[in-house]
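Chains, contacts and geometry: an overview
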Protein chains: 2
Amino acid sequence: MRVRGLIFLATLVLATGSAFAASDPAKAAADAWRQAHERQILDELSGFVSLPDVAANIADVDANAARLEEMLRTRGFAVRLLRASPGTPATVFGELKVPGAKRTVLYYAHYDGQPVGQRGWASPPFTPTIRSGRLGAEGVHDVDWRAAPGPANTDWRLYARAAADDKVTIEALLAAMDALKAADLKPSVNIKLYYEGEEEQGSPHIATIVAANRDLLKTDLIVMGDGPMHQSGRQMVNFGSRGYLGARMTVFGPLRPLHDGHYGSWAPSPAVEIARLIASLRDDSGHILIPHFYDAVRPPTPAEKAALAALPSVEEPLAHDFGIVPITRGRLADSYFRPTLNVRAIHVGDEGPNAANAVATQASASIDFRLTPGETPGDVKALTEHYLASQGWLIVNFPPNLATRLANPKILLLIWDEGSSMPVRTDIEAPAAKASVAAIQRVEREPVLELPMVGASSGIAAVVTGLNAPMVGVSIANYDDNQHAENENIRLGNLWDGIDVYAALLSELDW
Amino acid sequence: MRVRGLIFLATLVLATGSAFAASDPAKAAADAWRQAHERQILDELSGFVSLPDVAANIADVDANAARLEEMLRTRGFAVRLLRASPGTPATVFGELKVPGAKRTVLYYAHYDGQPVGQRGWASPPFTPTIRSGRLGAEGVHDVDWRAAPGPANTDWRLYARAAADDKVTIEALLAAMDALKAADLKPSVNIKLYYEGEEEQGSPHIATIVAANRDLLKTDLIVMGDGPMHQSGRQMVNFGSRGYLGARMTVFGPLRPLHDGHYGSWAPSPAVEIARLIASLRDDSGHILIPHFYDAVRPPTPAEKAALAALPSVEEPLAHDFGIVPITRGRLADSYFRPTLNVRAIHVGDEGPNAANAVATQASASIDFRLTPGETPGDVKALTEHYLASQGWLIVNFPPNLATRLANPKILLLIWDEGSSMPVRTDIEAPAAKASVAAIQRVEREPVLELPMVGASSGIAAVVTGLNAPMVGVSIANYDDNQHAENENIRLGNLWDGIDVYAALLSELDW
C-alpha cells in the first residue's frame, strides 16, 4: 500500500501488552514458539532487512528474492520466481498444498522497500538497529538485543528500511508456520504466497504477471498484509481499497511573459485560468463538480454502515494533531465511500526575488482521483474530459502550436498518468470475509474492527480483479512505523501479535 | 517606468528617416547642431553609460550623480543633490531660470539602471558598443563609429545598460540645450530637472524627497521622459499612469502533508482553497469580481475617447506575436481605463519527481492590481479585505497558531506589498497638456499620438501628486530597446529625433 503521508497521533494510546483469548490453540502454539525463539525470529528478520531492497536496483531486489526463496523452501514451500520479462523484479511465488484442504488462500506482501534518500536516519537504513522505543521519546536508547537477558520488551522497535513495510508481515507468517509445525497443527487451507518485488515502484508489472499465471495463482481468498494498523492499536480487517487515477494539466498564456501593466487586462492569464479550472472541478467541502461523477458510486450496505459505526472515533484527536477543521462533519472512514479529487500541485509564475509583475506564459496543475467501487479509471477520464470540453476547453495531448493558440482561447494540455488502479471491495458479509474476521477474533480480546474499505489505493487491486477473488486486508505494523520516511521501524509487540494473527489465519480459517 | 515585459513586434515597421516640419526654428537649430556634433553627442552619452549604475551599489550611483552634476553645470544649471538621508541615492536637481519666462517645467528622468545579471549580453553591459542594427538581424556588426566617415547611420544602435532606460533622455535634453544656445534661441520656460538615482529599485525615497523640497520643485508642468515609444514608431504623448498595489496570500491546510487516499475527502485542501479564492476575485475576461470595485473608476472623457480612437491599431499583430486570443474585443489602450487584477504566481505542492499524492500544507499566491484614477491603494485594500472576509476568510497578518487553525476553517495570511503607487491622469485638454502636444507637433510630420494613460505604473505618480502639477509623458526610445533585459540599446535615429522633440519643448512651449 503506497502511503506517502504518515500520522503521528500522540493523543491516541497504543494498545500495549498482549490481549488474547488464552484458550485458542493457534495462539498458544504461536506464543510458545515465539517465547522460545524470540532471538531466532529477530535474527531472521534482521538479516532480511539488512539487504538493500530499493527496486530501482535490480541486483538488490534479486538478492532479496534469493534470500526469500531460501526462507520459503526451508518451510517446505514450492517456490517459483515470476517475472513479466527478464531484468524486471521477480514476484516470489510460494505454494504449500495441504492434504485434505478444500480452500486455497493467497497471501500478498511485498519485499521491496521505499527509497532511502530522506534526511534524518538515526542509523543507516540497512543496518538494522533495535531501540528501546520510538525515536524522539524520552530516554530511548539502542539495545544490544542479542546480549540482553530475558524476553525482549514488546515496546522495543527494530529500525530499518522495509522492516514495517512490509517484510515484517512475511516474517510473521513464516514464524507462524514454524510455530504451527512445532505444535503439530496443520494449516487448514492450501497456502499460496505472492511476494512482490516492485510495489514501491508502483507495481508496474503486477497485472501482466497475474494475467500470465492465472491458473497458478488461482485462489479462494486473498489476504493482503501491507500497511499499518488502525491508529487505536486494535486489530482491524479491511475489505477493499479505492481506485486511483492521476493527471497533469497545463494551460497557456502568451508565448513570452508580458508586463501586466501594459497587457494585464487584454492578454489571457494562465494563472487565473488554472485557478478557475480547478474551482470548476471541486468545492471546498470536497464535492466533485463534474456532472454524473457520483452516478456510479455505490453507497455502503447496512452491514458496512454497521461496521463503520463500530469503528473507534479518531476524528477529534486527528484534527487536533493536523491543526485543521475537517471539511466534512462525517467520520473519516465514511469519506472512503466517496470519490476524492485531490489537487497535488499548482505552479505558475515566480515568487520572491524573481517575482515579476507579469502575465505568465503557462500554468500547470497536478490532480489525482480516488475512486470507489462502481467507478473505473476509464469512465472517470471520459466524464472529466467531457465536462472540461463543455466548459470551453480544447483538450490537447501535446503542446499547442501557434495556429492552435491563435484559434482557441482556452487550451488544456491534459496528460493522464500512466498508472491507474481499479477500486476493489469485497462484500463484508461474504463467507470468506466473515471467516477471516472470525479466525482473527480467536486471538484478540477486543472485537476486531472491520473497515469496509481503506481510502488509499493499492497494486493489490490488479491481483483481486485479475483473480476474481475476495480480499481481506490484515495489517500488523504499528501505525507510527515511519513507513516511506526516515527511521522506519516495527514495534516488537506488533510482530509478536502478528504471529498470533497469522497462526490463526493459517490454521483456523474455515468456510 | 518599470517595464518588465518587452515586445518585439516584427510585423510593425519602425518609422525610419526624419519626419519633420522643415520650417520650425527649434528643429532647424537642433538638426544643425546635431549634424555638426554627432560624435561629440555620442561621446558624452557613451561616457555616461560606461559608468556602472545599479542603484544597489551606492558608490556607483554616486559616481553617476557626480558626472551628471558636471554635465548640468557645464550647461549653466544650478545643481543640488537631494537625498532622503545620507547613504541613499541622490536625486540630481538642476535649475535654469529664464528671464521673462512665466512658466516653469520640471523634467523627470532617472540615471540609474536595471541590474545586469541577465545571460546573453553580446558585449559587457558597461562597455558601450555601437552596432549596425538590432542584434539578431542579418548582417548586424560592430561599428567603429569614431573612425567611420560621414554622418552616423540612423539605424545604428548604442548598446549598454541604461542607454535607453533612460540616460538617452538626459542626453537628448542636454544636446537640445546646446543646440538652442548655439542658435541663440532662448528657452521659453524656466527649467527644472529631477534626475532620480533609484527608480529601478522602486523609487523608495521619492515621496520623501518631494515632500521635503516642495518649494524647490514647484512647477507648472512635469515632463516625464522614461519609457519606450509607441510600437508604430510614431511620437506619442501620454498623460498619466495607473496606480499599483501588490499582495502575497497564503492559505493553510494540515500541519504535515497528508496522504490524499486517507485524508483527501476529509482534510481541507489549500490547493483547492487558493484556486477558489482566485476564481472568486477575477474571471477569465479580466473582470474583477470584488463588489464595488468599479464604482470609483472614471470613464474616459469625450476628448480621451477621441484620442484613443485615433491611435494606430496594434491589436492583431500583437496577438499574433504573443500567440494569444485576447480576452477582450476592445482596443489595448482602452483596457488602461479599467483596473487590472493580475495573478503573478500560484505555488502549492510538488511536481515531477517529488510529486506526492498528498494534501499540501499550504498554498501561496501573489497578485497585483493596476488602478485607474479615482481609485486609491487604500480604498482597494479595504474593498478587497471586506470582500474576502464576506467570503468566510479570516484574514491574518502573521502565520496562524494551532488555536487559530483549529477554530477557523478558512485562514488567509494577507501581506500587502510595501510599495504602492497612486494612479495619475492629467486632463488631456488641460492648457499645459495641449501646449505640450502642440510644441512637439511642430517637429513631427505625422500627427502626434495622444495616449490618455499608460497601463503601467510609475514612481512619477509620487512627484505628480506631491507637486500637484499636470504631467505629460514624452518617450523617445525605440520600443525594441531591450530595457530591463540583456543588450539594452538605443537607436541613434531615436536620439536624433529626441533632440528635436526636446528642442521644441524647451523653446516653443507656451500656454
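Presented here is a report on the structure given in the accompanying data block. Every residue gets a number counted from 1 within its own chain, in the order that chain's sequence is written. Here every chain gets a letter starting at A, and every ligand a number starting at 1, in the order they are written. Restriction of local features to residues with pLDDT of at least 70 applies here, the model being predicted, together with a cutoff of 80 or more for giving and counting side-chain atom pairs; totals for whole chains, interfaces and linings are based on all residues. The basis for every side-chain value is the complete set of non-hydrogen atoms in the structure, without hydrogens or water.

Before going further, it helps to spend a moment on the overall build of chain A. Assigned secondary structure in chain A consists of 14 helices and 20 strands. Two things to know: the radius of gyration comes from C-alpha atoms, and the globule rule equals 2.2 Å times the number of residues to the power 0.38. Taken over the C-alpha trace, chain A has a radius of gyration of 25 Å; the compact-globule value for 511 residues is 24 Å, and the two agree within 12%. For the C-alpha atoms alone, the extent of chain A along its principal axes is close to 85 × 50 × 50 Å. Per-residue burial for chain A yields a buried fraction of 62% across its 511 residues. Helix and strand definitions follow DSSP, with helices as H or I runs of at least four residues and strands as E runs of at least two, each counted in order from the N terminus. Three exposure classes are used, based on accessible area relative to the maximum for each residue type with a 1.4 Å probe and protein chains only: buried under 20%, partly exposed in between, and exposed over 50%.

Moving on to the relation of the copies chain A and chain B. Look at the two chain copies: a rotation about an axis and a shift along it is all it takes to match them. Between chain A and chain B, which share one sequence, the superposing operator has a rotation angle of 180° and an axial displacement of 0.1 Å; the RMSD is 0.1 Å. Viewed as a symmetry operation, the transformation between the two copies matches a two-fold axis. Within chain A, Ala275 of chain A has its C-alpha nearest the rotation axis, a separation of 2.1 Å. Here, residues are in contact when the closest pair of their heavy atoms is within 4.5 Å. Comparing contact sets, 100% of the residues at the interface of chain A also lie at the interface in chain B, consistent with an isologous, same-surface contact. Least-squares superposition aligns the copies on the C-alpha atoms of those residues with pLDDT at or above 70 in both.

A separate point is the packing of aromatic side chains. Pairs of aromatic rings are described using the distance from one ring centre to the other and the angle between the two planes. Pairing of aromatic rings covers Phe, Tyr and Trp, the last through its six-membered ring, and needs centres within 6.5 Å; plane angles under 30 degrees mean stacked, over 60 mean edge-to-face, and all others mean tilted. Following the criterion strictly, the structure yields 12 aromatic pairs over all chains and no others. Taking 6.3 Å as the distance between ring centres and 45° as the angle between the ring planes, the aromatic pair formed by Tyr263 of chain A and Trp266 of chain A counts as tilted. For the ring pair Phe322 of chain A and Tyr263 of chain B, a centre distance of 5.0 Å and an interplane angle of 80° mean the geometry is edge-to-face. Linking Phe322 of chain A in helix H9 (residues 315-322) with Tyr263 of chain B in helix H6 (residues 260-263), this pair reaches from one chain into another. Judged on exposure class, the residue Phe322 of chain A and its partner Tyr263 of chain B are both buried. An aromatic cluster of at least three residues, connected via ring pairs, comprises Tyr263 and Trp266 of chain A together with Phe322 of chain B. Sitting over the face of the ring of Phe48 of chain A, Lys167 of chain A holds its NZ or CZ atom 4.5 Å from the ring centroid. Cation placement over rings: the criterion is NZ of Lys or CZ of Arg within 6 Å of the ring centroid and within 35° of the ring normal.

Further remarks concern the pairing of strand S3 (residues 104-110) of chain B. Residue and element names in this part refer to chain B. In terms of burial, S3 is largely enclosed, as 7 of its 7 residues are buried. Taking every second residue as pointing to the same face, both faces of S3 are buried, with Thr104, Leu106, Tyr108 and His110 on one and Val105, Tyr107 and Ala109 on the other. Strand pairing is assigned whenever DSSP detects at least two bridges linking the two strands. Sheet analysis places S3 next to strand S6 (residues 190-196), joined by 7 bridges and oriented parallel. Bridge pairing in S6 places Ala109 opposite Tyr195.

Core analysis: the biggest nonpolar cluster contains 81 residues, and Tyr107, Tyr111 and Tyr195 of chain A have the highest contact counts within it. To form a nonpolar core, buried Ala, Val, Leu, Ile, Met, Phe, Trp, Tyr and Cys residues must be joined to one another through side-chain atoms within 4.5 Å. Grouped together as the second largest cluster of nonpolar side chains are 80 residues, Ala30, Ala65, Val189 and Trp511 of chain B included.

Right, let's get into the pattern of salt bridges. All names here are of chain B. Any Lys or Arg side-chain nitrogen found within 4 Å of a carboxyl oxygen on Asp or Glu counts as a salt bridge. Enumeration over the complete set of coordinates arrives at 46 salt bridges over all chains. Measuring nitrogen to oxygen at the nearest pair gives 3.1 Å for the salt bridge that ties Asp480 to Arg134. Of the two residues, Asp480 is situated in the loop between strand S19 (471-474) and strand S20 (489-491) and Arg134 in the loop between strand S4 (129-131) and strand S5 (157-159); the sequence distance between them amounts to 346 residues. In this structure, Arg491 and Asp155 form a salt bridge, with 2.9 Å as the shortest nitrogen-oxygen distance.

Turning next to helix H2 (residues 58-74) of chain B. Residue and element names in this part refer to chain B. Counted at 1.5 Å a residue, the expected span for H2 with its 17 residues is 24 Å, and the 24 Å between its end C-alpha atoms agrees. Buried within H2 are the following residues: Val61, Asn64, Ala65, Leu68, Glu69, Met71 and Leu72. For H2, the arc enclosing every buried residue in end-on projection is 165°, short of the 170-degree limit, so these residues lie on one face. Of the exposed residues in H2, the ones pointing more than 90 degrees away from its buried face are Glu70 and Thr74. Close packing links the buried residues of H2 with helix H1 (25-49), strand S1 (78-82), strand S2 (91-96), helix H3 (163-182) and S6. One or two steps after H2, the chain reaches Gly76, where phi turns positive at roughly 90°. In a helix, the anticipated span is given by 1.5 Å times the number of residues less one. What the arc covers is the set of directions going from the helix axis to the C-beta atoms.

To continue, consider the interface of chain A and chain B. Contacts between chain A and chain B engage 86 residues on the former and 86 residues on the latter. As a working definition, buried area equals the accessible area (1.4 Å probe) given up by two parts on being put together, with both sides summed. Summing both partners gives a buried area of about 7,600 Å² for chain A against chain B, and 55% of it is carried by carbon and sulfur. Seen at the junction of chain A and chain B, the total is 6 salt bridges. With a closest N to O distance of 2.7 Å, Arg256 of chain B and Asp321 of chain A form a salt bridge. Counting of polar contacts relies on pairs of N or O atoms within 3.5 Å, with two restrictions inside protein: one atom must be capable of donating a hydrogen and the other of accepting it, and residues adjacent in sequence are counted only when both atoms are side-chain atoms. At the junction of chain A with chain B, the criterion picks out 33 residue pairs in polar contact (both at pLDDT 80 or more). Looking at the side of chain A that touches chain B, the elements that each hand over two or more residues are strand S11 (258-259), helix H6 (260-263), helix H7 (270-281), H9, strand S12 (340-348), strand S13 (358-359), strand S14 (362-371) and helix H11 (402-407) of chain A. When residue character is reported, Ala, Val, Leu, Ile, Met, Phe, Trp, Tyr, Cys and Pro are called nonpolar, Asp, Glu, Lys and Arg charged, and the others, Gly included, polar. Tallied by class, residues from the side of chain A that touches chain B come to 44 nonpolar, 22 polar and 20 charged.

Shape descriptors only; they carry no functional weight alone.
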